[in-house]
Amino acid sequence: MLFTSVSFVYMFLPLVLLFYYFPFRKFRKVQHFFLFIVSLLFYAWEVPSYVLILLFSILMNYLFGILVDKFRSNELKSRMILSVSIILNLGIIFYFKYLAFAVSNINAVFHKNIPVPEIMLPIGISFFTFQAISYVIDVYRNNGKVQKNPLNVGLYIAFFPQLVAGPIVRYESFSSQLENRKESFATFSDGVIRFIRGLAKKILLANTLAAVADKAFSASKDELSVSFAWLGILAYSFQILFDFSGYSEMAIGLGKMFGFEFHENFNYPYISKSISEFFRRWHISLGSWFRDYVYFPLGGSRVKTKSRLILNLFVVWILTGLWHGANWTFIIWGILYFLLISFEKLTGFNKSRRFKLLHHIYTILFVMIGWVFFRSADISQALYYLKIMFFQSGNEIFDQNTYIYFMENKFFFIAAFLCSTPIFLTLSSKWNLNEKRWNGVLYPILYILLFLVSMSYVIKGSYNPFIYFNF
Amino acid sequence: MIQKKKSKINRYSVTTILFILLVYFYFIGMLIHSKAVESTVRTSMEKVTENDSKDPFDVIETFFSCCDAAFADNVYDKFTMIDINGLFQRILQRKIVNDVDSRHTVYQLDNGQLTYYYPGFGVNIAHKNIRVLNEYLNSVGTQLLYVQAPLKINKYDNQLPYGLTDYPNQNTDNFLKGLDKLEIDYVDFREVIQGTCSDYEALFYDTDHHWKTETGFWAYTYLMDYMKHNYGFSYDERNVNSDNFTSVTIKDSFIGSLANRVGTWYAGVDDFTFIYPNFDTSFTYDKYYPYGIVKDYTRVGSFTDTLFFKERMENGDKALAYRDNCYFNGNPALVNITNNNIPDGKLLVVQDSFGKSITPFLALNFHQIDVLDLRDYKGMTLLDYVKENHYDYVMIIYSPSCFSKGLYYQQFKFYDYE
């Protein structure tokens, strides 16, 4: 089920809140059971049969958690159990996400003709599998207590706010909240504000600018002008930010409505002055997952040789690229970031405080180049798109599309630019807006208008793609 | 944490209370509409599951997607939300209002009228099909006339937002050039209007892509005159005299299909004129289901009891959609109309929705008119249909929308060429 649907906002959410806060209010276990069941319904809404995969993942990781805990005293055994659990979890992702890609590449390289399986990707499999892995590893590391009740593992993995597009919630932070969280009207209000903000980001900014990006990336080589290629990638840069951060905000907001606190997933990434900083601000839950479960175990940056550091970075970035999808474009995207971050780490560029503007331009430029690979259907499209952007194709500089799509969306571009920076926070604090009496009136009006306008798009039926559902 | 103030009533709590009120308002609205929701789900399920597998997961998936559609369709006071959306688009000065289906994206012309817009399209298949049809009709002595209805985008002054190319008229020109080469007779109303009318935009609704009823009636009189002079077709001149027709205009009563998508706060509302003969008429009107075998219903009586659906005139004080369905009650896949007062003349009209305001009047002059809409008719190909039912004339009335991807392969599939 989509957060941005009538079914969710006007049926699912009010019903779930109603039952959670009224008949089940004083029964924590019943609340958890209820949340688990409605989470399964939420997941089944798109493709019901994939609930079986989700249930299998929950059951499997529940058992591995028990086994890891049981053999905790025997290091070898518990390590083996942990390894098997990781292999099986990755095996599930490999089968659904990478098998077809692997077979087609084997066919291409070895001139074979192995039939390429047609496997539909279960929504959010990379998110919930990474959470499942987090559970077993955290139990192994004693970062959270093992769950004897499979329902709690189920709720951790399948909890609907973060199930299909993150943020990837770490078990250690979730387990303590299972029993000890306290719902309050203040937290609930925070949740509502975050949900409305995320909804507006997703619907008003991401979806609107998606139309510009889609037009640019669907244009043929000859049709695309230099200016429209730039406008297209600018639109996509905003689309992917507000699509994903909007979804994350909605997830964080929904979590709060039920008393759960999830970590922030975005922190104004486009104000970064280095690529390293960018990834500390972008999809923070994925970055920290790879940092804690891959990079640090490999030795991180505290290794004896630079070559080992490079190798560690290479592994992490290849995996990060692959995590996003089974396509060479994502691998190239990962390699690009591996090169840039290696360069920054080796030269100390990311720590330099000089030429801030140039650092910022460098960061944004390479982020946008990265998005070209991310958005393109294949490498050849990415290369010709970049050629056009950098005047290497001989295509015309300016065309009508640039004018039409810019003029039609000028207010959305301006809003997207402003919302991608902390300018409102800065101004609010500088002018002390929180203390102004009129703000107390204006604020609810503004948020309710944002909600109504966003829902008007949903009800009208407008273009509504979700980029991160595919991951 | 957003909240820093601990006082119980603050801007966050007020926002939250308003949010809860709104969400539960629509939730209760949905419960009030639960019968409509249930009926929408049931109808959709019946349609979908007819041909689908019986796998329980597939059935559940279908059920969920039908629920999704039903909830979206039956939101309480849905049109107010569409109005809000339209107002937002208007405030942001948007001239292109996107739709989930790009064919339904609405474009605002520089003169303020709304239209659909279609990209460039090749027309080879259309030429091939109409050539084959014409060859057969020639061989059996049936006259084929292609009638090109105009789009709101004026070929000679397109009023499109800057930067948009007038592909709809270009597509149409390319098609008509082919008809010239094939020596197929046609009437291009874009040119007729250019030669006779100075106020192009007045011929169309502001909020709908169709021409007005009055324009359709005028096009009917033009066609009768054309047939008289070119094919020697004779008819009673009183049937084309506007004095013999009642014309009832209801002010601000019509929400066209474009306004239905973008809301009246963006589009406004239109006046609507109902036209029907004020002399004695006698018709039998048979409407069929899409396969053309089973009859849906039969109406017998005067023009206003058969071809005209008076209920579309009701609630004149309200702005309503679909008033233009006063003729034929929509776009039926197949209807057979018999004029009991006329002894001869058999005409087949193949049409899209632009034909709705012409064909009922044509029926005043022929003993039998069959009307086919190839977008919905599933019985057989057009060529097979004309082979089974001999006609004196075959008239195809299409607007430039027929050269759009979604419709082209349906509207120009005249025989089984694949």
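Residues numbered from 1 in each chain as written. Chains lettered and ligands numbered in written order. Predicted model: local features only at pLDDT ≥ 70, side-chain atom pairs only at ≥ 80, totals over all residues.

(A) Structural detail: the overall build of chain A. Along chain A, the regular secondary structure elements total 19 helices and zero strands. A compact globule built from 471 residues should have a C-alpha radius of gyration of about 23 Å, and chain A, at 23 Å, falls within 12% of that. Evaluated residue by residue, chain A yields a buried proportion of 46% over its 471 residues. Nonlocal contacts in chain A, meaning residues at least 24 apart in sequence, comprise 74% of its contacts between residues at least 6 apart. (Helix = DSSP H or I, 4+ residues; strand = E, 2+ residues; numbered from the N terminus. Rg over C-alpha atoms; globule rule 2.2 N^0.38 Å. Buried ≥ 20, exposed ≤ 12 C-beta atoms within 10 Å, placed from the backbone. Contact = placed C-beta atoms within 7 Å.)

(B) Fine view of the domain arrangement of chain A. Residue and element names in this part refer to chain A. Partitioning chain A into structural domains gives domain 1 (6-180) and domain 2 (187-470). Taking the mean C-alpha position of each, domain 1 and domain 2 sit 26 Å from one another. Listed per partner, the contact involves 26 residues of domain 1 and 26 residues of domain 2. Elements supplying a minimum of two residues to the side of domain 1 that touches domain 2: α1 (6-21), α4 (75-110), α5 (125-140), α7 (160-163) and α8 (171-180). Its residues placed into classes, the side of domain 1 that touches domain 2 shows 18 nonpolar, seven polar and one charged. (Domains from an automatic or database assignment. Nonpolar A, V, L, I, M, F, W, Y, C, P; charged D, E, K, R; others polar.)

(C) Focus on the sheet that holds strand β2 (residues 106-108) of chain B. Residues and elements named next belong to chain B. Overall, antiparallel pairing links the three strands, which are arranged β1-β2-β3 in an open sheet. One side of each edge strand has no neighbouring strand; the edge strands of this open sheet are β1 (96-97) and β3 (114-115). Where β1 lies against β2, two bridges are found, and the strand directions are antiparallel. Directly across from valine 97, in β2, lies its bridge partner valine 106. (Pairing = 2+ DSSP bridges.)

(D) The pairing of strand β14 (residues 393-398) of chain B, seen in detail. Residues and elements named next belong to chain B. Burial within β14 is extensive, with six of its six residues counted as buried. Burial of β14 is two-sided: the residues Tyr393, Met395 and Ile397 facing one way and the residues Val394, Ile396 and Tyr398 facing the other way are all buried. Across six bridges, the pairing between strand β4 (residues 143-148) and β14 is parallel. When the bridges of β14 are listed, tyrosine 146 appears paired with isoleucine 396.

(E) Region of interest: α4 of chain A. Residue and element names in this part refer to chain A. For α4, spanning 36 residues, the distance from its first C-alpha to its last is only 41 Å, which falls clearly below the expected 52 Å at 1.5 Å a residue. The sharpest bend along α4 measures roughly 65° and falls at tyrosine 98. Those residues of α4 that fall on the buried side of the exposure criterion are Ile81, Leu82, Ser85, Asn89, Ile93 and Lys97. Tucked inside the fold, the buried residues of α4 contact α3 (51-70) and α5. Of the residues one or two after α4, histidine 111 is the one with positive phi, at around 50°. (Expected span 1.5 Å × (residues − 1). Bend = angle between axes of the 7 residues up to and from the residue.)

(F) Highlighting the packing of α1 of chain A against helix α2 (residues 28-44) of chain A. All names here are of chain A. Relative to each other, α1 and α2 sit at 165°, their axes nearing to 10 Å. By the angle class used here, α1 and α2 are roughly antiparallel. Crossing of α1 against α2: the hand is right-handed. For the pair formed by α1 and α2, the contact residues are Phe12, Val16, Phe19 and Tyr20 on the first element and Gln31, Phe34, Val38 and Phe42 on the second. In terms of residue class, the contact of α1 with α2 is made up of seven nonpolar, one polar and no charged. (Axes fitted to C-alpha atoms, helices over the stretch in contact; angles between N-to-C directions. Parallel < 35°, antiparallel > 145°, perpendicular 65-115°, else oblique. Left-handed = near helix turned anticlockwise from the far one by under 90°.)

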